[in-house]
Amino acid sequence: ITLLGIAHELGGDDDTGRPFIKGNVALGDVLLVEASQVLISNFLIENSNGYNAGCIVANKQNNITISECVLHTKKEGDNPNKGIGVRGDHIQIINNEITFCNPGISAGTDYPLSLTITGNVITDCGIYGGIVLNGDEQNISGNRVLRCVEGIRISGTKNVIYGNDIADCPVWVESTVFEEGENEQRG
């Protein structure tokens, strides 16, 4: 399944050219992925701050790619929702802009993961931070994380974290499993 936003200038001064999807507080997740082999690319998605919801959520699905999207929740209240929440295997999250989410990107603990998270810009995310991941064999590289409570929080083994630009975050990287040989952080 491919959900590809076709760029089209709509005439506004700050128009991104991406199709705009605005979530409804009463409906929860804006895009809930319930299939494997899915590509989502080039959308502007706003979640209107419903309880425990997200802009894009995939639960126990495999081979998911999310790229070139702009995701944010309204800056209202103290508990904004997640930008991208995933549980599954072989997931790629590439070149997205995520703002005012809590967390920006999260991955669940009850399913095997092989994640690649690269080229994303994550800013102003709340108490859970920019990137929060639980699982093994994750590659987190080339992301920019700004003004989040935690830049990257990760648990699991065989994770590689490198080339990320983390600034204005009280905690840059927190690993709950960081024994020698378990996780590798470079740059």
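Our subject is the structure that appears above.
Residues numbered from 1 in each chain as written. Predicted model: local features only at pLDDT ≥ 70, side-chain atom pairs only at ≥ 80, totals over all residues. Heavy atoms only, no water.

S.K.: Sorry, what's going on with the overall build of the protein here?
M.R.: If you tally the helices and strands in the protein, you get 0 helices and 20 strands. Residues counted as buried form 47% of the 187 residues belonging to the protein. In the protein, 53% of the contacts between residues at least 6 apart in sequence involve partners at least 24 apart. Of the accessible surface of the protein, which amounts to about 9,000 Å², a share of 49% is contributed by carbon and sulfur atoms. (Helix = DSSP H or I, 4+ residues; strand = E, 2+ residues; numbered from the N terminus. Buried < 20%, exposed > 50% of the residue type's maximum accessible area, 1.4 Å probe, protein only. Contact = heavy atoms within 4.5 Å. Areas by Shrake-Rupley, 256 points an atom, 1.4 Å probe, with all protein chains shown as cover.)

S.K.: Would you mind showing me how to read the pattern of salt bridges here?
M.R.: This model, assessed by the stated rule, comprises 3 salt bridges. Among the salt bridges present, the one from D165 reaches R144, with a minimum N-O distance of 3.0 Å. A residue pair is termed long-range when its members are at least 10 positions apart, and D165 in strand β18 (residues 165-167) and R144 in strand β15 (residues 144-146) qualify at 21 residues. Taking relative accessible area as the criterion, D165 reaches 36% and is therefore assigned partly exposed. With a shortest N-O distance of 2.6 Å, E150 and R153 are connected by a salt bridge. For E150, a relative accessible area of 10% gives the class buried. Judged by its relative accessible area of 24%, R153 falls in the partly exposed class. (Salt bridge = Lys/Arg side-chain N within 4 Å of Asp/Glu carboxyl O.)

S.K.: I tried to follow the side chain of N143 on my own but got confused; where do I start?
M.R.: By the element assignment, N143 lies in the loop between β14 (139-141) and β15. Using a relative accessible area of 1% as the deciding quantity, one classes N143 as buried. A distance of 3.3 Å separates the side chain of N143 from the backbone nitrogen of G119, its partner in a polar contact. Apart from residues no more than four positions distant in its own chain, N143 is found in contact with I117, T118, G119, N120, I131, G163, N164 and D165. (Polar contact = N/O pair within 3.5 Å; in protein donor to acceptor, adjacent residues only side chain to side chain.)

S.K.: Would you explain the pairing of strand β4 (residues 38-41) in this entry?
M.R.: Here 3 bridges tie strand β1 (residues 2-4) to β4, and the two strands are oriented parallel to one another. From the neighbouring strand, L3 faces β4, where its bridge partner is I40. Two elements, β4 and strand β6 (residues 54-67), share 4 bridges in a ladder whose sense is parallel. Looking at β6, one finds that I40 is bridged to I66. (Pairing = 2+ DSSP bridges.)

S.K.: So what exactly am I meant to see when it comes to the environment of P103 here?
M.R.: For P103, the position within the fold is in the loop between β9 (97-99) and β10 (105-107). Judged by its relative accessible area of 9%, P103 is buried. Along the chain, P103 and I127 lie 24 residues apart, while their C-alpha atoms are 7.5 Å from each other. If sequence neighbours within four positions are ignored, P103 has contacts with N81, K82, G83, Y128, G129, G130 and V132.

S.K.: Before we go on, may I ask you to explain the sheet that holds β9 in this structure?
M.R.: By definition, the strands of a sheet pair up through backbone hydrogen bonds, in either a parallel or an antiparallel sense. With respect to topology, 7 strands assemble into an open sheet ordered β2-β5-β7-β9-β12-β15-β18, the strand pairing being parallel. Sheet topology places β2 (20-22) and β18 at the edges, where each strand pairs with a single neighbour. When the angles between neighbouring strand axes are averaged without regard to direction, this sheet yields 10°. Bridge count between strand β12 (residues 121-123) and β15: 3 bridges; the pairing is parallel. Paired with I122 across the bridge in β15 is V145. (Axes fitted to C-alpha atoms, helices over the stretch in contact; angles between N-to-C directions.)

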